Amino acid sequence: MPILFLNNYAENNLTNEITQKDGTPLQGELWLYRQFLKFNEYNLLPNENWYLKHDYNLSQHPASKGKVEGQIDFILLSKKGVLIIEIKGGGVEVDENDTYFSYNKNGKYVAQNPFNQAKEYTHTLKELIDSKAFIYRAIVFPHEAGFKLEGPQLSGYKDLLFSKNDFLNLNDTDDAKEINNRFFKFITELAPKARRTIIQELNPSLSLEKVNNRLYEYFPEIKSKQLKRLKSELFPTQSTYGYNPDSINNEIILDENYEILKGLRRNRKVMVQGAPGTGKTVLAKKFIAENLLKQHKGIVYCANKLVMSKLKHILTEQYKLDANLIDFRIYYEVNIDNISNDVDFLVFDESQEYFNKRLYDFIENLELKLSNPKFLILYDPNQSIINDFQDLTWYTDYFIDNGFTHYLFNEVYRCIQNSEINQISQCILQNNLNKKSSTYSKNVVSIINEVDKIRMIKEIVDENKFTNSEKIILVHSHLLDSFKKVVNSYFKDEIEELSESNINLSSSKIKFSTSLKYRGLENKSVYLITNQLDEKSRVQNYVAITRAMEKIKIILWEN
């Protein structure tokens, strides 16, 4: 089984492929690329797959968000780990001030320190990838025989350097196979040597025999499934972050939320608590997108079908992410047997609705079945329909005690255009009815007869500050039949019920739904139809009000 060259350069055109920006061939990188080609020619890897990538741009990796700079000359992926190779063609020297110089037929010039470059890239790559892999490095000077590893900065790099000195007495043409064998020996011996060095640094008292016995205990070889996953993570098939640029620019991503996104790479199990508008869903979309771009497979569990349909549309239709890698499901009578073994991550949205439906048992079984899966749990206890009779804090504490990292989003940013909405929602949440009725009475209207109901709905239809698609009517579940009766009798051409089939379709009609079905969604103008502003209706009223971005109107509807 050969080396797979991910750049797909034409072998007869390498001098035009591996070049500087001005088209000048990069002789050092050409030499190394050809050595790997000869590994295949001489059949040196009959039982392994290696993957070689030339000119690896760190800033284009999905996890870097364009904020990480750096160009790695070569990355070699094999079951031994990820090898970073920095190469300097021409002559190389370093002066007493630790300044590096390269020189060729055009003269001498200051160059970057390749040893520091490789070390920095090693740490950067560890931050960018999720998979646990041994990352090590090599430095190659194919045209320099006189470079000496002297001084405290260089004395420990003997095993990392391959140079012209390693084949000084050999002829490039007549001894090509022997040169290639020596380079192959250097590459294959590097992985155990690098492992040995790290273990000895961590455990200086261990004997050499014990160190050698533990080489692959501390840093195991990569299994075939993990190798495939790591290949997709390092070299994603999609070239962009996956978001439509205009869409992502319009999303509100807070600095602290971005830090949590990075935290999701370090922690396999994360739960995020936050009120509506604090950025939970935006974070989830970015987490899902990042994993899909790495070719990881995932499942998103939702509390209701409307949110599931909307989220699926955004990720697969708007952001154009691979729909074959993601499955959307309602959390209802879940069965571990319906989960394939190759799932890499799971997201549980609005999970406060099914904490009490054996969610933790389900996650525990998933950990036993899957290979290092990642979990993201999103919840808001104030929106829970079980909040009236159960304390959700117990579930949160239980998850934390069993290894979940907990984050709290405690500021609302979505409704910043109208702080009044946030204030009204807090009054509803705290059952502060007196304050609500006095301070925000202009937002509340009472209707008690059929004529008033028709007149009120007509006002909603005729209101022209917002388009019909920017309006949503949210109805208390106990009033749904009463409301439908009025709509079907007088407004069938102007108003329709929101459903899975029409949520992603443009329409001239105003949509209506229940508050609980609309959780996780939002709109500019919300009309809440409810019968009471009391404790019994608190959750549905709170959910409805927090769906509004710019305007809220509360209609007290007598059944």
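Everything below is about the structure printed above this text.
Keep in mind that what you see is a predicted model, and the values were worked out from it rather than measured. Every chain is numbered on its own, with residues counted from 1 as its sequence reads. pLDDT decides what is reported in this predicted model: residues at 70 or higher carry local features, side-chain atom pairs at 80 or more are listed and counted, and totals for whole chains, interfaces and linings draw on all residues regardless. Excluding hydrogens and water, the side-chain values take into account all heavy atoms of the structure.

**Section: the pairing of strand β7 (residues 107–111)**
Of the strand pairs in this sheet, strand β6 (residues 100–104) and β7 are connected by five bridges, and their pairing is antiparallel. Note on β7: the bridge partner recorded for Y100 is A111. Being paired, for any two strands, means DSSP has found at least two bridges between them. Under the DSSP-based scheme used, a helix requires at least four consecutive residues in state H or I and a strand at least two consecutive residues in state E, with every element numbered from the N terminus. Taken together, β6 and the strand that follows it, β7, pair antiparallel across an intervening segment of two residues.

**Digging into the side chain of K471**
Looking at where K471 falls in the secondary structure, it is placed in strand β17 (residues 471–475). The exposure class assigned to K471 is buried, which follows from its relative accessible area of 1%. In what follows, a contact means two residues having at least one pair of non-hydrogen atoms within 4.5 Å. In this view, K471 contacts I460, V461, E463, F466, I510, K511, N523, S525 and Y527; residues no more than four positions away in its chain are not counted. For the exposure calls, accessible area comes from a 1.4 Å probe over protein chains only, and a residue counts as buried if that area is under 20% of its type's maximum, exposed if over 50%, partly exposed in between.

**Describing the sheet that holds strand β19 (residues 510–514)**
With parallel pairing, six strands are arranged side by side in an open sheet as β16-β21-β20-β17-β19-β18. A single partner strand is all that each edge strand has here, and the edge strands are β16 (444–447) and β18 (495–497). Mean inter-strand twist for the sheet, computed between neighbouring axes without regard to direction, equals 25°. In terms of strand pairing, β16 meets strand β21 (residues 548–557) through four bridges, oriented parallel. When the sheet's bridge partners are listed, V444 is paired in β21 with I554. The axes are straight lines fitted to the C-alpha atoms, using for helices just the contacting stretch, and the angles between their N-to-C directions are given from 0 to 180°.

**Quick look at the packing of helix α16 (residues 450–462) against helix α17 (residues 480–490)**
The geometry of α16 relative to α17 is characterised by a closest axis approach of 11 Å and an angle of 70° between their N-to-C directions. It follows that α16 is roughly perpendicular to α17 by the angle criterion. Every pair of crossing elements has a handedness; the one defined by α16 and α17 is right-handed. On α17, the residues that touch E450, K453, I454 and I457 of α16 are S482, F483, V486 and Y490. Split by residue class, the contact of α16 with α17 holds five nonpolar, one polar and two charged. When an angle is under 35 degrees it counts as roughly parallel; over 145 it counts as roughly antiparallel; between 65 and 115 it counts as roughly perpendicular; any other value is oblique. If you view the pair so one helix is near and one far, a crossing is left-handed when the near helix is turned anticlockwise from the far one by less than a right angle, and right-handed when it is turned clockwise. When residues are sorted by character, Ala, Val, Leu, Ile, Met, Phe, Trp, Tyr, Cys and Pro go into the nonpolar class, Asp, Glu, Lys and Arg into the charged class, and all the rest, Gly among them, into the polar class.

**Observations regarding the pattern of salt bridges**
Whenever Lys or Arg places a side-chain nitrogen within 4 Å of a carboxyl oxygen from Asp or Glu, that contact is recorded as a salt bridge. Summed over the entire model, instances satisfying the criterion amount to 22 salt bridges. The closest approach of N and O atoms between K269 and E367, which form a salt bridge, is 3.4 Å. Placement of K269 in strand β10 (residues 269–274) and of E367 in helix α12 (residues 359–369) is noted, with a sequence separation of 98 residues between them. Look at K269 and you get buried, because its relative accessible area is 11%. Here E535 ties to R538 by a salt bridge, and the two come within 3.2 Å at their closest N and O atoms. For R538, a relative accessible area of 9% puts it in the buried group. Taken together, the salt bridges that share partners define one network made up of D159, K185, E189 and K193.

**Details of the environment of S537**
Turning to its location among the elements, S537 is positioned in the loop between β20 (523–530) and α18 (538–545). Sequence separation between S537 and I428 is 109 residues, and the spatial gap between their C-alpha atoms is 9.5 Å. Other than its neighbours up to four places away in sequence, S537 contacts H476, T530, N531 and Q532. Contacts described as polar in this section are N or O atom pairs within 3.5 Å, which, within protein, must combine one atom able to donate a hydrogen with one able to accept it, while residues neighboring in sequence count only if both atoms come from side chains. Of note is the side chain of S537, whose polar atom sits 3.4 Å from the side chain of H476.

**Focus: the packing of aromatic side chains**
Pairing of aromatic side chains here covers Phe, Tyr and the six-membered ring of Trp, requires ring centres within 6.5 Å, and sorts the geometry by plane angle: under 30 degrees stacked, over 60 edge-to-face, intermediate tilted. Across all of its chains, the model carries 44 aromatic pairs by this definition. Taking 6.4 Å as the distance between ring centres and 50° as the angle between the ring planes, the aromatic pair formed by Y100 and F115 counts as tilted. Taken together, the positions of Y100 in strand β6 and F115 in helix α3 (residues 114–128) put the pair 15 residues apart, joining distant regions of the chain. Each ring, one from Y301 and one from F348, has its centre 5.3 Å from the other, and the planes form 5°; the classification is stacked.

**Topic: the side chain of D344**
Within the secondary structure, D344 sits in the loop between β12 (326–330) and β13 (345–348). Sequence-distant contacts of D344, that is, excluding residues within four places in its chain, are made with R229, Q295, H296, K297, N372, P373 and K374.

**What to know about the sheet that holds strand β15 (residues 405–409)**
In spatial order, the strands read β12-β11-β13-β14-β10-β15; together these six strands make up an open sheet with parallel pairing. Bordering the open sheet on either side are β12 and β15, each of which pairs with just one other strand. Adjacent strand axes in the sheet meet at a mean angle of 15° when their direction is disregarded. Pairing between β10 and strand β14 (residues 374–379): five bridges, direction parallel. Each residue of the ladder has a partner; that of V272, found in β14, is L378. Lying on the sheet, helix α11 (residues 305–318) is in contact with β11 (298–302) and β12; it crosses β12 at an angle near 170°.

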